[in-house]
Amino acid sequence: MNAPQRSEADIAPIFTLSTASDGAHASAAGPQQLGFKAYNLGRMAGMGLPVPPAFVLSTDFCRDPQLRQRAGDPALWRPALRALEAASGLRFGDPCAPLLLSVRSGAAVSMPGMMETLLNVGLNEQTVQGLIRLTGNPRLAWDAYRRLIASYGELVAGLPAALFEDLLQELLAEQVEPCQERELDFRGLRSLCRRYQAAYAREVGEPFPQQPEQQLARAIEVVLRSWDSARARHYRQAHGIDEGGGTAVTVQSMVFGNAGPSSGAGVGFTRNPATGEPGMWLDFLFNAQGEDVVSGRRSAHGDAVLQQVLPAIWTQLQASSAALEREFGDMQDFEFTVQQGRLYLLQTRSGKRSATAAVRIALDLLREGLIDAPTALARCAGIEAAQLRSPYLRALPGQPLQILGRAASASPGVAVGEIALDAERARARCAAGAPVVLLRRDADTGDVAALEHAQGLLTMQGARTSHAAVVARQMGKVCLVGCAGLQIDESARLVRFADASPATPPLREGDLITLDGHEGVVYAGALDLDWRCPDDLLQALRALRQAQPPSAG
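Report follows, based on the coordinates. Owing to the predicted nature of the structure, the values given are computational and were not obtained by experimental measurement. (Residues numbered from 1 in each chain as written. Predicted model: local features only at pLDDT ≥ 70, side-chain atom pairs only at ≥ 80, totals over all residues. Heavy atoms only, no water.)

Considerations on the overall build of the protein
Moving on, step 1. In terms of helices and strands, the protein carries 20 helices and 24 strands.
Moving on, step 2. Computed over the C-alpha atoms, the radius of gyration of the protein is 24 Å, within 12% of the 24 Å expected from 2.2 N^0.38 for a compact globule of 553 residues.
Moving on, step 3. Here the C-alpha coordinates of the protein stretch approximately 70 × 70 × 45 Å along the principal axes.
Moving on, step 4. Counting across all 553 residues of the protein, residues that qualify as buried make up 54%.
Moving on, step 5. About 22,200 Å² of surface is accessible on the protein, with carbon and sulfur atoms providing 49% of the total.
Moving on, step 6. Once the 53 positive and 59 negative side-chain charges of the protein are each reduced to a mean point, those two points are 1 Å apart. (Helix = DSSP H or I, 4+ residues; strand = E, 2+ residues; numbered from the N terminus. Rg over C-alpha atoms; globule rule 2.2 N^0.38 Å. Buried < 20%, exposed > 50% of the residue type's maximum accessible area, 1.4 Å probe, protein only. Areas by Shrake-Rupley, 256 points an atom, 1.4 Å probe, with all protein chains shown as cover. Lys, Arg positive; Asp, Glu negative; His and termini not counted. Charge placed at Lys NZ, Arg CZ, Asp CG, Glu CD.)

Here you go:
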């Protein structure tokens, strides 16, 4: 991390990050000013890990109303942008060698999925052609462009995400052969861009903006504004996070996970965040960008597929995972992109985990010499036998088990309750004393408030590492994602499971179901439970506490 780049008025620091910055983690600027996302990027850069170059608008721009008003002024961050161009060898807005940017939030305390991100900033009718010439990959260029139009339309112009999703589904339905989004060729994606542009112009009343600096300015403003969003405020209140801390804004050179079959995007944990077991636990989508994984709108592959298809990347990730744990002394939640067989790390943070995982990870890190006993004790503070108990299904003689569907388990345990299809229903039935299981199309962070009233979450789409799944796991809620056979008819308030027996009638909102988060299975009705506690883990925790003398005072 280099010295701050100052505006002409020396208003507030804007820091540049480079992978060539030795000792970046020793910078005097700490996470309160940089936000933990950018601070940890600097530390990774200092470790020699592959981090794309970036610059950071400090949290001052969020905390100070006058500075926030000026955050969109290019004069403030243009010198840092020039440094980013020099580090990348590309130029922002250049029709021949265009630099494209991601714009991300980053508070001093991790708030996964609560604030906004925009990718591919800088694309327009000229630079999309430049990206094609630069990469030789028209599919990548048109895919990136349509993503920018949709995300900019949703986050900056305030258009509903469903507007763009419906246009995508219409295009897919028109294909001669059934296909998925990632199977569209460049002609299909170019057609989708034109449909998105027409919808944007119709709904907003003006064309999609073509000035790259205007796009960047609005993206910075919307990220700062997302600190004050309802879901971000709710998360801070629920977790005791300071309202005055503010978010930094990280502007980073884009790398492309949608560059072909040897590319993709993923989210990983250095250990299993649900159980604490050692070994990487990750989700990966080929030929995709990071938002596809964390948004909860797409289902992803797990460890085995990445190991098989890109073994060299898997080996690099294992080495990076071990290095991150040595550096940070904790289980890490990291995001990465693979561009044409080359790995880039985009962020890391201490991973959210269940109570069982917290104890197991603390004990294992202590045994491995990565933390000391007082640190292990602190990480297990307040965790007792009650928090380590988990429900399991109890099979009774003669009790029929009707399997409705299967899904990926993002958070273990068993949840039994009435089907609820939205937050209002979940809140009302919870207030009436009824247990509730929330069923949704996507694992969306907008459902976090509703999840507080539910025993568990089941989604049609989404990855285990999506932001909503991460929060559900932290809250101790059972969470199953990517149930491909689940069909939700919100207007009729009916649910169908394609994998169930043909004789199984549709379920109605209010019917009882059971989620088995240990096996990833959905059952009809309310099944009996058996509560268990991992005795070996509890005994090891007690031994650690008995071996440490009580603190003085």
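Comments concerning empty space enclosed by the protein
Moving on, step 1. The tally for this structure, following the rule as stated, stands at 2 cavities of 30 Å³ or more.
Moving on, step 2. Here the largest cavity defines a volume of roughly 130 Å³.
Moving on, step 3. Around the largest cavity sit 15 residues that line it, and Arg104, Leu119, Val255, Thr337 and Leu346 are the ones nearest its centre.
Moving on, step 4. Going through the elements one at a time, strand 5 (101–107), strand 7 (247–253), helix 11 (290–294) and strand 10 (332–339) are the ones with two or more residues in the lining of the largest cavity.
Moving on, step 5. Grouping the constituent residues of the lining of the largest cavity by class yields 5 nonpolar, 7 polar and 3 charged. (1 Å grid on protein atoms, 1.4 Å probe; cavity = no way out; pocket = protein on both sides within 12 Å on 5 of 7 lines; lining within 4 Å. Points joined across faces, edges and corners; volume = space filled by probe spheres on them. Nonpolar A, V, L, I, M, F, W, Y, C, P; charged D, E, K, R; others polar.)

Looking at the environment of glycine 153
Moving on, step 1. Checked against the element boundaries, glycine 153 lands in helix 6 (residues 138–155).
Moving on, step 2. Once you skip the residues sitting within four places of it in the chain, glycine 153 turns out to touch Leu148, Gly158, Leu159, Phe164 and Tyr200. (Contact = heavy atoms within 4.5 Å.)

With respect to the sheet that holds strand 2 (residues 54–57)
Moving on, step 1. Taking strand neighbours across the sheet as the criterion, the 5 strands line up as 1-2-7-5-6 in an open arrangement whose pairing is antiparallel. Looking at the sheet topology across the chains shown, the edges are occupied by strand 1 (14–17) and strand 6 (117–121). Averaged over neighbouring strand pairs, the angle between their axes works out to 20° when direction is ignored.
Moving on, step 2. In this structure, strand 5 lies alongside strand 7, joined through 7 bridges in antiparallel fashion. Paired with leucine 101 across the two strands is serine 253, which belongs to strand 7.
Moving on, step 3. Here helix 1 (residues 31–46) sits on the sheet and contacts strand 1, strand 2, strand 5 and strand 7; the angle it forms with strand 5, its principal contact strand, is near 120°. (Pairing = 2+ DSSP bridges. Axes fitted to C-alpha atoms, helices over the stretch in contact; angles between N-to-C directions.)

Examining helix 20 (residues 535–547)
Moving on, step 1. For helix 20, built from 13 residues, the straight-helix expectation of 18 Å at 1.5 Å per residue is met to within 8% by its first-to-last C-alpha distance of 18 Å.
Moving on, step 2. Those residues of helix 20 lying buried are Leu537, Leu538, Leu541 and Leu544. For helix 20, the buried positions fall inside an angular range of 125° around the axis, keeping them on one side. In helix 20, the exposed positions that point more than 90 degrees away from the buried face belong to Asp536, Gln539, Gln546 and Ala547.
Moving on, step 3. In this structure, the buried side of helix 20 is in contact with helix 14 (355–367), helix 15 (373–379) and helix 16 (385–388). (Expected span 1.5 Å × (residues − 1). Arc of directions from axis to C-beta.)

Digging into the sheet that holds strand 17 (residues 456–459)
Moving on, step 1. Taken together, 8 strands build an open sheet; the order of strands is 13-23-22-15-16-17-18-14 and the sheet is mixed. Of all strands in the sheet, those with a lone pairing partner are strand 13 (403–406) and strand 14 (408–411), marking the two edges. The mean inter-strand angle of the sheet, taken between neighbouring strand axes irrespective of direction, is 30°.
Moving on, step 2. Bridge count between strand 17 and strand 18 (residues 478–481): 3 bridges; the pairing is parallel. Directly across from leucine 458, in strand 18, lies its bridge partner leucine 480.
Moving on, step 3. Each of strand 15 (414–420) and strand 16 (436–440) is contacted by helix 17 (residues 423–431), which is oriented at about 110° to strand 15, the strand it contacts most.
Moving on, step 4. Taken strand by strand, helix 19 (residues 467–474) contacts strand 14 and strand 18, and its axis lies near 55° from that of strand 14.

Brief notes about the packing of aromatic side chains
Moving on, step 1. Summed over the entire model, instances satisfying the criterion amount to 10 aromatic pairs.
Moving on, step 2. With 6.1 Å between their ring centres and 40° between their planes, tryptophan 142 and tyrosine 145 make a pair best called tilted. Taken as a pair, tryptophan 142 and tyrosine 145 lie in helix 6 at a separation of 3 residues, close to a single helical turn. We note that tryptophan 142, like tyrosine 145, is buried.
Moving on, step 3. When the centroid spacing of 6.3 Å and the interplanar angle of 65° are considered together, the rings of tyrosine 145 and phenylalanine 208 count as edge-to-face. (Phe/Tyr/Trp six-rings, centres within 6.5 Å; stacked < 30°, edge-to-face > 60°.)

What to know about the environment of glycine 341
Moving on, step 1. Here glycine 341 shows up in the loop between strand 10 and strand 11 (342–350).
Moving on, step 2. Residue glycine 341 is classed as partly exposed on the basis of its relative accessible area of 39%.
Moving on, step 3. When near neighbours in sequence (up to four residues on either side) are disregarded, glycine 341 contacts Ser262 and Ile313.

Points about the pairing of strand 22 (residues 512–516)
Moving on, step 1. For strand 22, a buried count of 4 out of 5 residues is recorded, marking the element as mostly surrounded by other parts of the structure.
Moving on, step 2. As defined by bridge partners, strand 15 adjoins strand 22 across 5 bridges and the pair is classed as antiparallel. By the bridge assignment for strand 22, valine 416 is matched with threonine 514.
Moving on, step 3. Relative to strand 23 (residues 521–524), strand 22 runs antiparallel, the two being bridged by 4 bridges. The residue of strand 23 that forms the bridge with threonine 514 is tyrosine 523.
Moving on, step 4. The hairpin turn running from strand 22 into strand 23, its antiparallel successor, is 4 residues long, and glycine 520 in that turn takes a positive phi close to 75°.

As for the packing of helix 7 (residues 161–174) against helix 8 (residues 186–204)
Moving on, step 1. At a minimum axis separation of 10 Å, helix 7 and helix 8 run at an interaxial angle of 145°. Both helix 7 and helix 8 take part in a crossing whose hand is right-handed. On the side of helix 7, the interface is formed by Leu163, Phe164, Leu167, Leu168, Glu170, Leu171 and Glu174, while helix 8 contributes Gly188, Ser191, Leu192, Arg195, Tyr196, Ala199, Arg202 and Glu203. (Left-handed = near helix turned anticlockwise from the far one by under 90°.)

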